Amino acid sequence: MTGLVIKDFLILRKSLRSYLMILVIYTAIAFSGFWNASFIGGFMMVMVSVLPMNVFAYDKQAKWDTYGLALPVGRTKTVCARYLCVLLLCLGSVVMAAMAGAVLYAMGRLEEPAEFLITCALMGLLAVLLNAVILPFLYKFGPEQARIALFVLMGFIVLLGWLFLIPLGGIEWLKTLGEPTPAQIASIPFIAAIVGVVLLAVSFLLSRHFYGTKDV
């Protein structure tokens, strides 16, 4: 299974180098004061959410499934390796964003390091949640159709949020809630982590089922 994780990272090595270069550029722009340093965490979340699609696309192009299933690994371990790779990517993105924040803080360009670290942690958890949603679609439909399914799902979530807020008064209702307390802010990462673990477990079971019934 370790070899499968290494294989995924080898596939992504060029993309990871490109994203690292973009991170350096964005850090330099944040240093100039053009935008807030918290944008770095959001950028890393988006990048990590896109990378698994690239792996599936390369695997399909190389007809990897036909070869991989001939190895003495099994479908369950193959899915485990993909999820482990995604978790390592999410963890790595948080570490890289935190390192960029440390550089900005050392140069006097980051006034709230604790808030920045919480933002990075939340962005990492959001990346895990997004991948938990994306991966079963990728195993079920493949990279091309999964992109469409993801856009439809995200649009559906936005629509539900809009339908929920309209009766309450829309964005103005959110403004009336006031600023969250420090205790509430501190509890957000823990709540998100619990939700992330549950959703990731459900996601893994779905992916294992879809890949187990897939005819390659």
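Since this is a predicted model, take the numbers as computed values, not measurements. Along each chain, numbering runs from 1 in the same order as the chain's sequence is written. Residues qualify for local features only when their pLDDT is at least 70, as the model is predicted, and side-chain atom pairs are given and counted only at 80 or more; totals for whole chains, interfaces and linings, by contrast, use all residues. The side-chain values count all of the structure's non-hydrogen atoms but skip hydrogen atoms and water molecules.

## What to know about helix α5 (residues 75-106)
Turning to step 1, where the next piece is worked out: A run of H or I in DSSP becomes a helix once it reaches four residues, and a run of E becomes a strand once it reaches two; helices and strands are each numbered from the N terminus. An expected span of 1.5 Å times one less than the residue number is assigned to each helix. Its 32 residues place the ends of α5 47 Å apart at the C-alpha level, agreeing with the 46 Å of an ideal helix rising 1.5 Å per residue.
Turning to step 2, where the next piece is worked out: Positive phi appears at Gly-108, one or two residues downstream of α5, with a value of about 80 degrees.

## Digging into the side chain of Asp-8
Turning to step 1, where the next piece is worked out: Structurally, Asp-8 can be placed in helix α1 (residues 2-11).
Turning to step 2, where the next piece is worked out: Judged by its relative accessible area of 1%, Asp-8 falls in the buried class.
Turning to step 3, where the next piece is worked out: Pairs of residues are marked as contacts when any of their non-hydrogen atoms sit within 4.5 Å. With near-sequence residues (within four places) excluded, Asp-8 lies in contact with Val-55, Ala-81, Arg-82 and Cys-85. The rule is simple: take the accessible area with a 1.4 Å probe, protein chains only, and divide by the maximum for that residue type; under 20% is buried, over 50% is exposed, in between is partly exposed.

## Looking at unusual backbone geometry
Turning to step 1, where the next piece is worked out: The phi angle at Lys-63 is positive, at roughly 55 degrees, despite the residue not being glycine.
Turning to step 2, where the next piece is worked out: Examined against the element boundaries, Lys-63 turns out to sit in the loop between α3 (39-61) and α4 (64-68).

## Details of the confidence of the model for the protein
Turning to step 1, where the next piece is worked out: On a range of 0 to 100, pLDDT expresses the predictor's confidence in each residue. Per-residue pLDDT for the protein averages 77, and the proportion of residues at 70 or more is 79%.
Turning to step 2, where the next piece is worked out: For the protein, helix α8 (residues 171-175) is the element with the lowest average pLDDT, namely 53, and α1 is the one with the highest, namely 86.

## Brief notes about the pattern of salt bridges
Turning to step 1, where the next piece is worked out: Any Lys or Arg side-chain nitrogen found within 4 Å of a carboxyl oxygen on Asp or Glu counts as a salt bridge. Across all of its chains, the model carries five salt bridges by this definition.
Turning to step 2, where the next piece is worked out: Here Lys-7 ties to Asp-8 by a salt bridge, and the two come within 3.0 Å at their closest N and O atoms.
Turning to step 3, where the next piece is worked out: Since its relative accessible area comes to 15%, Lys-7 is described here as buried.
Turning to step 4, where the next piece is worked out: Ionic contacts of the salt-bridge type, sharing partners, join the residues Lys-7, Asp-8, Asp-59 and Arg-82 into one network.

## Points about helix α2 (residues 13-32)
Turning to step 1, where the next piece is worked out: Between its first and last C-alpha atoms α2 spans 29 Å; for 20 residues at 1.5 Å apiece the expected length is 28 Å, and the two agree.
Turning to step 2, where the next piece is worked out: Listed in full, the buried residues belonging to α2 are Ser-15, Tyr-19, Leu-23, Thr-27 and Ala-30. The buried residues of α2 all sit within an arc of 115 degrees when viewed along its axis, so they share a single face. Facing away from the buried side of α2, by more than 90 degrees, are the exposed residues Lys-14, Arg-17, Met-21 and Ser-32. Summarising the geometry, the arc corresponds to the directions from the helix axis toward the C-beta atoms.

## A word on the packing of aromatic side chains
Turning to step 1, where the next piece is worked out: A pair of Phe, Tyr and Trp rings is counted when the ring centres sit within 6.5 Å of each other, with Trp represented by its six-membered ring. The angle between the planes then sorts it: under 30 degrees is stacked, over 60 is edge-to-face, the rest tilted. Under the defined criterion, the tally for this structure stands at five aromatic pairs.
Turning to step 2, where the next piece is worked out: Residues Phe-56 and Tyr-139 carry aromatic rings whose centres are separated by 4.9 Å and whose planes lie at 85 degrees to one another, so their mutual orientation is edge-to-face. Pair noted here: Phe-56 is in helix α3 and Tyr-139 is in helix α6 (residues 113-141), with a separation of 83 residues, a long-range link. Tyr-139 carries the same exposure label as Phe-56, and that label is buried.
Turning to step 3, where the next piece is worked out: Ring centres 6.1 Å apart and planes at 25 degrees place the aromatic pair Phe-137 and Phe-141 in the stacked group.

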